[in-house]
Amino acid sequence: MQPDTKISHLLANYSRHNVEFTRGEGYFLFDAEGKRYLDFLAGIAVSSFGHNHKSISEAVNNQLNNIWHTSNLFSISLQEEVASKLAKSSGLDKVFFCNSGTEANEAAIKFARKWGKSRTEIISMQGGFHGRSLGSLSATAEPKYREGFQPLLPGFSFASYDSIDELKSMVTPDTCAIMLEPIQGESGIIVPSSGYLQAVRELCDEKNILLIIDEVQSGIGRTGKFFAYQWEEIRPDIITVAKGIANGLPLGAVICTEQVANNMVPGTHGSTFGGNPVALAAANQVLSLIDLPLLCHIQTTGQYLIDQIKALNSPFITDVRGKGLMIGITLIKGLEVKNIVAELLEKGIVTCSSGNNTLRLLPPFIIDNLAVNEFLAVFGELLLSMKKQYLLPIDGIY
């Protein structure tokens, strides 16, 4: 029996495109009518190795044929294996598994306050995004996410991103942690100045406070380093990850130092589904696939993409920025990015928007120059056609 398509019983909390993808292969998606799309979104930085990846699929299917869930009351060897890889990649010591980035950031807030004891204040950043649950939302400054949900958790304040002087002025004796993204994703792929993260690390050391780095969108290879903070070679106290860690299956993690972990004893935190064997089977394979040649590929392919977008010399583009395959294209004021996303989708390119009128590109790591050139051809043609569409100036552009 076919569902009634006239009435939806889904909560109307998403603005959805009228497209349903029913199959994926590599960096392509196919809709219910069989139309092919080039995926430059990867499920919002989730499907880093594309769709129907052979070794990831095999790992998941093998696990499905053995056991799906036992609970965290029992030993799970895959947790030990994945935790070991995350600890090695980060240089930190202990790992907690959950199901999402929001849950990871919720846990990080708890970990920080448990460590801080009488100190409870956390400073996060204007423009940052850490999730939509009440705790993670309290760490998110943007009013559009907070509206209608007050009162939120007390004890959070917000500094201007990339301003170390302002951040220094906001630290108080009650501050236990500073929480930030090494590259702000939802605000439009905002990359801080060189040396900013190092200065934040030095401030945390000086004041004996924790540095929480939210790598939910930027981590697990996305920028061409395993973690984006590694571009400045610092060592956080807590790292949160999710999105790309299991190529589409729900998994999040908090990675922390021994000093932070020592405060979290049985009963202080937990998750029923966190670290289940199926998601971990995917994550274990994902982590095995991330090596130096792949990270170099992400860096060089991302730079090629950025350079070629700039070479379009479009009057509709005011800025192109990012690292690796985490790229933002800011459009001229008056040109709605949501319309560009819709037109690209119509032409078979999947993207999304973020921040202040920014087109966001988060393609899977397996893309090659053939895929990049296809995107550039379609995007370039769209930009050229727009010159003929506008009879009135948009900030001086005809």
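Treat the numbers as computed from the prediction; the structure is a model and nothing was measured.

Rules used throughout
Residues numbered from 1 in each chain as written. Predicted model: local features only at pLDDT ≥ 70, side-chain atom pairs only at ≥ 80, totals over all residues. Heavy atoms only, no water. Helix = DSSP H or I, 4+ residues; strand = E, 2+ residues; numbered from the N terminus. Rg over C-alpha atoms; globule rule 2.2 N^0.38 Å. Buried < 20%, exposed > 50% of the residue type's maximum accessible area, 1.4 Å probe, protein only. Areas by Shrake-Rupley, 256 points an atom, 1.4 Å probe, with all protein chains shown as cover. Lys, Arg positive; Asp, Glu negative; His and termini not counted. Charge placed at Lys NZ, Arg CZ, Asp CG, Glu CD. Salt bridge = Lys/Arg side-chain N within 4 Å of Asp/Glu carboxyl O. Pairing = 2+ DSSP bridges. Phe/Tyr/Trp six-rings, centres within 6.5 Å; stacked < 30°, edge-to-face > 60°.

Enquirer: Before we move on, could you go through the overall build of the chain and cite the residues and values that matter?
Expert: The secondary structure content of the chain amounts to 13 helices and 15 strands. Taken over the C-alpha trace, the chain has a radius of gyration of 21 Å; the compact-globule value for 398 residues is 21 Å, and the two agree within 12%. By the burial criterion, 54% of the 398 residues in the chain qualify as buried. Accessible surface computed for the chain: about 18800 Å², of which carbon and sulfur atoms make up 52%. Of the side-chain charges in the chain, 33 are positive and 40 negative, and the distance between the mean point of each set is 1 Å.

Enquirer: Can you explain the pattern of salt bridges? Please cite residues and give values.
Expert: Under the defined criterion, the tally for this structure stands at six salt bridges. In this structure, the salt-bridge partner of Asp-93 is Arg-235, at a minimum N-O distance of 3.8 Å. Of this pair, Asp-93 sits in the loop between α3 (77–90) and β4 (94–98) while Arg-235 sits in the loop between β8 (210–214) and β9 (238–241), and the two are 142 residues apart along the sequence. For Asp-93, a relative accessible area of 33% puts it in the partly exposed group.

Enquirer: Break down the pairing of β9 for me, with residues and values.
Expert: Side chains Ile-238 and Thr-240 project from β9 onto one buried face, and the interleaved Ile-239 and Val-241 project onto a second face that is buried too. Sheet topology note: the β8/β9 ladder contains three bridges and is parallel. Pairing of Ile-213 across the sheet is with Ile-239, part of β9. The sheet contact formed by β9 and strand β10 (residues 252–256) spans four bridges and is antiparallel. Looking at the pairing, Thr-240 lines up with Val-254 of β10.

Enquirer: Describe the sheet that holds strand β3 (residues 36–39), naming the residues involved and giving the relevant values.
Expert: Judged by pairing direction, the sheet is mixed, and its four strands sit side by side in the order β1-β2-β3-β13 without closing on themselves. Every interior strand has two partners, whereas the edge strands, β1 (21–25) and β13 (349–350), have only one. Bridge count between β1 and strand β2 (residues 28–31): four bridges; the pairing is antiparallel. Looking across to β2, one finds that Phe-21 is bridged to Asp-31.

Enquirer: Give me the packing of aromatic side chains: which residues, what numbers.
Expert: Taken as a whole and assessed by the stated rule, the structure comprises 10 aromatic pairs. Ring geometry for Tyr-27 against Phe-28: centres 4.9 Å apart, planes inclined by 65 degrees, an arrangement best described as edge-to-face. Tyr-27 gets classed as buried once you look at its relative accessible area, which sits at 11%. Arranged with centres 5.7 Å apart and planes meeting at 75 degrees, the rings of Phe-49 and Phe-365 form a pair that is edge-to-face. With Phe-49 in the loop between α1 (42–45) and α2 (54–64) and Phe-365 in the loop between β15 (358–361) and α13 (369–389), the pair connects residues that are 316 residues apart, well separated along the chain. Phe-365 matches Phe-49 in its accessibility class, with the two residues each being buried.

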